Amino acid sequence: MTDNASRAGAAPGRIAAALRLIDRMSAILAAAAAAALVLLVVNIAIDVVGRTLFQAPLVATLEMTSYWWMPGLTLLAFAYTEVRQDHIKVTILLDALPPRMRQIVEGSFGVLTILLLAALAWYTLADALQSAHIGQTTPSTPPVAIWPFKFAAAAGIAMLCLQVAATTLRHFLGVLPRTGGPDGEADRP
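Quick summary incoming for the structure in this document. (Residues numbered from 1 in each chain as written. Predicted model: local features only at pLDDT ≥ 70, side-chain atom pairs only at ≥ 80, totals over all residues. Heavy atoms only, no water.)

**Looking at the pattern of salt bridges**
Under the convention used in this document: Salt bridges are counted wherever a side-chain nitrogen of Lys or Arg sits within 4 Å of a carboxyl oxygen of Asp or Glu. Counting from the N terminus, the helices are the DSSP runs of H or I reaching at least four residues and the strands are the DSSP runs of E reaching at least two. For every residue, the accessible area (1.4 Å probe, protein chains only) is compared with the maximum for its type, and the residue is labelled buried under 20%, exposed over 50%, or partly exposed between those bounds.
Evaluated as defined, the whole model comprises seven salt bridges. Residue lysine 89 pairs with glutamate 106 through a salt bridge whose shortest N-O separation is 4.0 Å. Here lysine 89 is found in the loop between helix H4 (78-83) and helix H5 (99-134), whereas its partner glutamate 106 is found in helix H5, with 17 residues between them in sequence. Owing to a relative accessible area of 13%, glutamate 106 belongs among the buried residues under this scheme.

This is the structure we're talking about:
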């Protein structure tokens, strides 16, 4: 059980269960991002071996890397990064605030972030649906389908939105998430 999941237990029952579920869903998408990283490495390794030994590079490696693997490994991992509180934060002003005021300020910025991410997820999903409708591909030869991976982008942004909502709720409940650091220790205001 993660540190966040155990802290979520301090919240009322159903809320704690929802927070744990969101954390688990973020971990599942992080595993999918890890799989995308492995597939990226395999894709490039096959291309390099084919190019070097057989003078026959893997066709569409650049397109697969750009449109399939990179968006997957970045966007699907964002929510898990939020679980671990490993996003870059500049907290010079927040550190000067009393703990309760810091909770309110961080929670309020969380609400704004949720609204922005929800809009971004909505528009990303609309673009993915439009892209699927037309069967969008790259202009390369041979064409590479990119529309399925737009749904992965929408899922990653939506999951980040949910995870930021969970973090925001934790701020308002006073159950602050751990912040990542080089030593892995929790920083508590």
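What follows continues from the structure just given.
**Side note on the packing of aromatic side chains**
Heads up, the condition is: Only rings of Phe, Tyr and Trp enter the pairing, Trp through its six-membered ring, and a pair is recorded when the two centres are within 6.5 Å. The plane angle decides the type: under 30 degrees is stacked, over 60 is edge-to-face, the rest tilted.
Inspection of every chain in the model, using the stated rule, returns four aromatic pairs. Taken together, a centroid distance of 5.5 Å and an interplanar angle of 90° make the contact between tryptophan 68 and tryptophan 69 edge-to-face. Between tryptophan 68 and phenylalanine 149, the aromatic rings sit 4.9 Å apart at their centres with planes inclined by 20°, giving stacked as the arrangement. Placement of the pair is tryptophan 68 in helix H3 (residues 61-75) and phenylalanine 149 in helix H6 (residues 147-173), with a sequence separation of 81 residues. Three or more aromatic residues joined by ring pairs make a cluster, and in this case those are Trp68, Trp69 and Phe149.

**Quick notes on the side chain of threonine 61**
Where we set the bar: In protein, a polar contact means a hydrogen-donor-capable atom and an acceptor-capable atom, both N or O and within 3.5 Å, with residues adjacent in sequence counting only if both atoms are side-chain atoms; elsewhere, any N or O pair within 3.5 Å suffices. Residue contacts are defined here by distance: any two heavy atoms, one from each residue, within 4.5 Å place the two residues in contact.
Note that threonine 61 resides in helix H3. Within polar-contact distance, the side chain of threonine 61 engages the side chain of aspartate 47 at 3.4 Å. Ignoring sequence-local partners within four residues, the contact set of threonine 61 consists of Asn43, Ile44 and Asp47.

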